[in-house]
Amino acid sequence: MTTPATPGQNSPVPVTILTGFLGSGKTTLLKRVLGESHGHKIAVIENEFGEENIDNEILVDTQEHILQLSNGCVCCSIREDLRATLSDLGERRRKGLLDFSRVIIETTGLADPGPVAQTFFMDDEIAGQYVLDAILTLVDARHAPQQLDERQEVRRQIGFADQIFITKADLVEPAALHALGARIYQMNPRAPQRAVHFGEVPLAEVLDLHGFHLDAKLEFDPEFLGVKDAPQAEGHEDCDHAHGQCKHDHDHDHGHDHDHACHEDHVHTEACHHGHDHGHGHAHHHHHHDDDVKSFVFRSDKPLDAAKLEDFLGGVVQVFGPNLLRYKGVLHMKGTSRKVIFQGVHQMMGSDLGAPWKAGEAKTSRMVFIGVDLPREILLKGLENCVAR
Ligand SMILES: Nc1nc2c(ncn2[C@@H]2O[C@H](COP(=O)(O)OP(=O)(O)OP(=O)(O)O)[C@@H](O)[C@H]2O)c(=O)[nH]1
């Protein structure tokens, strides 16, 4: 075992959010990961829905610090609870009372990971001490097809994911597994997929994925870019969720300005796991489902005007923030020789300067939007209007 890199006392602690519907295998994976002699000091934050806290019993043998958040819907009370828990953890760490260099948050199966993720963008104190590493979403191969049809939180959890783990593949036929992989890919082509048997997954694929780092190397799968022109990216006829009616979209910060509180000191360039396809090189043949979580890509070869873009995106996140699950992009802005990297969750948007455009490199702006019921044509048109004159 190599000794893992440990963030210094003053550098932000990476946080991993583990999400997935009830019974999808989160505790199994966490137990397996924590059981490994990994050398990391990990604080685990559990958010259980319901009275019984069985997971703590299951996990209790490990030497990790496990904290329990109060019961209840993660969407509403969570932010304050989570903020307070993280703040308290940080203080104890600073005083030398607790030693940890990683945080894993296991959300309840019914949770929308959005508010949890936003905690790391909204609060200066938290943003200074922690950095969101990635959202990992577990998908139960046996039950997901039906859950995807019936449960919006399952679709949203997939939309948010930086990495997808498909569990219980042993319970389904290869064809069903392939169809599920293709369906997920259609919803979130950005997130690599990997089948995981009873939580057996290398730790390197759980921690330090850099899914949220603004200056991580963003790679879009070339096949994914092709999605832009493919029919499945269009049309919302079958969507049954009017804006603002989504039960799990408890986004209480309408009216907040989008902030730019993202850390600027990340130096992670080559290690990004995005864009690699773990054996799911799906051709886009599985168009049987029209899930309401959809993605589309904007591309432009012309430089963009920073002020116009900021205005436009500011308005977009105000209006469509609750439905915007994830967006991310590499932009060519007029007046800078460096790439501008931007990304966000709901209303929280941040941007940062990336590497300079290389000589001979095509200066193409690329943005991916993943969300529910997004007005694709309006957004694409608006973005086209942000081209610098
Ligand atoms: N067959 C099979 N069963 C699995 C696999 N992974 C987990 N399970 C089983 O699925 C059940 C649920 O797993 P948990 O880890 O408790 O799921 P969870 O997501 O923590 O569940 P909640 O706490 O209800 O949200 C358990 O009985 C696990 O043993 C797998 O890869 N294959």
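The name that an unreviewed UniProt entry assigns to the chain is GTP-binding protein, with the source organism given as Amphibiibacter pelophylacis.

Topic: the pairing of strand E10 (residues 338-345)
Most of E10 sits inside the fold, with seven of its eight residues counted as buried. Summarising the sheet, strand E9 (residues 324-331) and E10 pair through five bridges and their orientation is antiparallel. Looking across to E10, one finds that Gly 329 is bridged to Phe 342. As consecutive antiparallel partners, E9 and E10 are separated by six residues, and within that stretch Gly 335 has a phi angle of approximately 90 degrees, a positive value. Pairing analysis gives seven bridges linking E10 to strand E11 (residues 348-356), with the strands arranged antiparallel. Residue Gln 343 lies in a different strand from E11, and its bridge partner there is Gly 350.

Describing helix H10 (residues 306-320)
Here H10 is 15 residues long and its end C-alpha atoms lie 20 Å apart, about the 21 Å a rise of 1.5 Å per residue gives. Residues Leu 309, Leu 313, Gly 314, Val 316, Val 317 and Phe 320 constitute the buried set of H10. The buried residues of H10 occupy one face: seen down the axis, they fall within an arc of 165 degrees. Among the exposed residues of H10, those pointing more than 90 degrees away from its buried face are Ala 307, Asp 311 and Val 319. Capping the start of H10, Asp 305 holds a side-chain oxygen 3.1 Å from the backbone nitrogen of Ala 307, two or three residues further along.

With respect to helix H8 (residues 174-187)
With 14 residues, H8 extends 20 Å from end C-alpha to end C-alpha; this agrees with the ideal 20 Å at 1.5 Å per step. Of all the residues in H8, the buried ones are Leu 180, Gly 181, Ala 182, Arg 183, Ile 184, Tyr 185, Gln 186 and Met 187.

Focus on the sheet that holds E10
Pairing is antiparallel across the open sheet formed by five strands, whose spatial order is E8-E12-E9-E10-E11. Of all the strands in the sheet, the pair left with one neighbour each is strand E8 (293-300) and E11. Shown here is a sheet whose adjacent strand axes are inclined to one another by a mean of 10 degrees, direction ignored. Those strands touched by helix H4 (residues 113-122) are E10 and E11, and its axis lies near 130 degrees from that of E10.

Overview of the pattern of salt bridges
By the definition in use, this model includes twelve salt bridges. Here Arg 83 ties to Glu 125 by a salt bridge, and the two come within 3.7 Å at their closest N and O atoms. Of this pair, Arg 83 sits in helix H3 (residues 78-94) while Glu 125 sits in helix H5 (residues 124-129), and the two are 42 residues apart along the sequence. The class of Glu 125 is partly exposed, set by a relative accessible area of 35%. The partner of Asp 140 in a salt bridge is Lys 168, and the shortest N-O contact between them spans 3.1 Å. Here the residue Asp 140 occupies a position in strand E5 (residues 130-140), and Lys 168 occupies one in the loop between strand E6 (163-167) and H8, the gap between them amounting to 28 residues.

Observations concerning the pairing of strand E2 (residues 42-46)
Extensive coverage of E2 is indicated by the burial of five of its five residues. Across the two faces of E2 the burial is the same, with Ile 42, Val 44 and Glu 46 and Ala 43 and Ile 45 all buried. Bridge count for E2 against strand E4 (residues 102-106) is five bridges, and the pairing is parallel. What sits directly across from Ala 43, in E4, is Val 103.

Examining unusual backbone geometry
Even without being glycine, Lys 168 reaches a positive phi, approximately 60 degrees. A relative accessible area of 25% means that Lys 168 is categorised as partly exposed. The backbone of Asp 208 shows a phi angle near 55 degrees, a positive value even though the residue is not glycine.

Thresholds applied
Residues numbered from 1 in each chain as written. Predicted model: local features only at pLDDT ≥ 70, side-chain atom pairs only at ≥ 80, totals over all residues. Heavy atoms only, no water. Buried < 20%, exposed > 50% of the residue type's maximum accessible area, 1.4 Å probe, protein only. Helix = DSSP H or I, 4+ residues; strand = E, 2+ residues; numbered from the N terminus. Pairing = 2+ DSSP bridges. Expected span 1.5 Å × (residues − 1). Arc of directions from axis to C-beta. Polar contact = N/O pair within 3.5 Å; in protein donor to acceptor, adjacent residues only side chain to side chain. Axes fitted to C-alpha atoms, helices over the stretch in contact; angles between N-to-C directions. Contact = heavy atoms within 4.5 Å. Salt bridge = Lys/Arg side-chain N within 4 Å of Asp/Glu carboxyl O.

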